[in-house]
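Residues per chain, in single letters:
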Amino acid sequence: MPIHIHNASRGELDTIIDWAAREGWNPGIEDAPAFWAADPEGYFVAEMEGRLAAAISLVRYGESHAFLGFYMAHPDFRGRGIGWTLWQAAMEHAEGRTIGLDGVVAQQENYRKSGFAYAHANFRYGGHVACDEPVAGDLLPVMPAHLPLLLDYDRQFNPAPREAFLREWLRPVGTRRSFALIDGPDVSGFGTIRACREGFKIGPLYAESEAKADLLFRKLVAGVGGGLVFLDIPGPNGAARDLCQRNGMKPLSETARMYRGTMPDLPLDRLYGITTFELG
């Protein structure tokens with residue numbers, strides 16, 4: 001049977017996210033609108049025998065960067081080369097951009113064979129957390145008026161601008177809230193917490209100091225009343241690890257951040273929480 005590869009529809013993105021949940025990746029309940037806004041042409045599926053057989057995303061940010069994720073085959077179609085065929089087709093979508101990914105450690109060698117180089121480890125921490133509501137005059141719920149400042153600030157932590165994604169990600173919805181540390185024109189950190197299939201994930205979490213990261217973390221957790229919380233941290237940021245450990249969170253899994261192309265120089269010491277493993 002031939003393999004038919006095409007851009008995923010908006011409805012098929014919902015299916016891809018359901019597959020991710022089945023794989024144990026624990027996506028957010030309302031991730032799809034922001035993911036779609038990032039690059040509506042960045043999601044691909046392979047069909048075989050009239051069914052979705054495999055999926056992958058390659059979301060483009062600006063003219064220089066793209067991020068790969070959601071690389072999965074349905075259990076009924078594994079071991080038949082469908083995923084690799086889809087991978088090769090998706091790579092063309094990058095159009096010369098540097099590509100980043102967060103891959104499981106066991107697949108590092110396969111990614112190297114496709115031209116990816118190891119940058120650093122990432123770790124998912126999780127645990128039941130309860131935090132008191134912190135009080136700080138510059139700690140504000142993110143509103144539309146804050147977006148220009150936050151878009152500029154986010155640009156420090158990512159290889160390319162991602163305005164379309166952030167406009168949706170930072171929009172308050174029932175299961176996702178964002179807070180920022182803003183003093184006039186100055187931003188010293190912001191973060192987002194969202195409800196997932198299980199518990200809550202924080203990401204991104206940026207801060208100019210460990211104390212500010214702690215303040216934002218406590219505000220985000222208190223804002224949802226505490227509970228099971230996950231935070232994906234870059235391995236080189238020891239202060240992020242300390243933040244997790246102070247709050248009783250344990251390491252649950254590890255991924256490898258890898259790049260094909262020019263490896264960006266990002267301020268990992270101020271990056272306390274990765275936005276998502278799927279979109280960077």
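What counts, and at which threshold
- Residues numbered from 1 in each chain as written.
- Predicted model: local features only at pLDDT ≥ 70, side-chain atom pairs only at ≥ 80, totals over all residues.
- Heavy atoms only, no water.
- Buried < 20%, exposed > 50% of the residue type's maximum accessible area, 1.4 Å probe, protein only.
- Helix = DSSP H or I, 4+ residues; strand = E, 2+ residues; numbered from the N terminus.
- Arc of directions from axis to C-beta.
- Contact = heavy atoms within 4.5 Å.
- UniProt positions renumbered as here; feature names shortened; annotations may be inferred.
- Polar contact = N/O pair within 3.5 Å; in protein donor to acceptor, adjacent residues only side chain to side chain.
- Expected span 1.5 Å × (residues − 1).
- Salt bridge = Lys/Arg side-chain N within 4 Å of Asp/Glu carboxyl O.

1. Considerations on helix H8 (residues 238-246)
Part 1 of the reasoning: All of the buried residues in H8 are Ala239, Ala240, Leu243 and Cys244. Seen along its axis, H8 keeps its buried residues to an arc of 145 degrees; they face one direction.
Part 2 of the reasoning: Looking at the buried side of H8, the elements it contacts are strand S6 (117-129), strand S10 (200-207), helix H7 (210-223), strand S11 (227-234) and strand S13 (271-273).
Part 3 of the reasoning: Taken from the residues just after H8, Gly248 is the one with a positive phi, measuring 75 degrees.

2. Details of the UniProt feature "domain: N-acetyltransferase" (unreviewed entry) in the protein chain
Part 1 of the reasoning: The UniProt feature table records "domain: N-acetyltransferase" (unreviewed entry) at residues 3-138.
Part 2 of the reasoning: Helix makes up 26% of residues 3-138 and strand 37%. Its end C-alpha atoms lie 54 Å apart.

3. Quick notes on the environment of Thr85
Part 1 of the reasoning: In this fold, Thr85 is placed in helix H3 (residues 82-91).
Part 2 of the reasoning: Overall, Thr85 belongs to the partly exposed group, its relative accessible area being 31%.
Part 3 of the reasoning: In sequence terms Thr85 and Ala46 are 39 residues apart; their C-alpha atoms lie 8.6 Å from each other.
Part 4 of the reasoning: At 3.0 Å, the side chain of Thr85 forms a polar contact with the backbone oxygen of Gly81.

4. Comments concerning helix H1 (residues 10-22)
Part 1 of the reasoning: For H1, with 13 residues, the first-to-last C-alpha span of 19 Å sits near the 18 Å given by 1.5 Å per residue.
Part 2 of the reasoning: On its buried face, H1 is in contact with strand S1 (4-7), helix H2 (32-38), strand S2 (43-48), strand S3 (51-61) and strand S4 (65-73).
Part 3 of the reasoning: Two residues or fewer past H1, Gly24 is found with a positive phi of approximately 90 degrees.

5. Brief notes about the pattern of salt bridges
Part 1 of the reasoning: This structure, assessed with the given rule, holds 22 salt bridges.
Part 2 of the reasoning: Its salt-bridge partner being Arg97, residue Glu63 comes within 3.7 Å of it at the nearest N-O pair. Here Glu63 is found in the loop between S3 and S4, whereas its partner Arg97 is found in the loop between H3 and strand S5 (98-104), with 34 residues between them in sequence.
Part 3 of the reasoning: Residue class for Glu63 comes out exposed when judged on its relative accessible area of 72%.
Part 4 of the reasoning: Across the pair Asp102 and Arg257 runs a salt bridge, and its minimum N-O distance is 2.6 Å.

6. Some points on the environment of Tyr125
Part 1 of the reasoning: With respect to the helices and strands, Tyr125 occurs in strand S6.
Part 2 of the reasoning: Residue Tyr125 is classed as buried on the basis of its relative accessible area of 5%.
Part 3 of the reasoning: Each C-alpha atom of the pair Tyr125 and Leu252 lies 5.5 Å from the other, and the pair is 127 residues apart in sequence.

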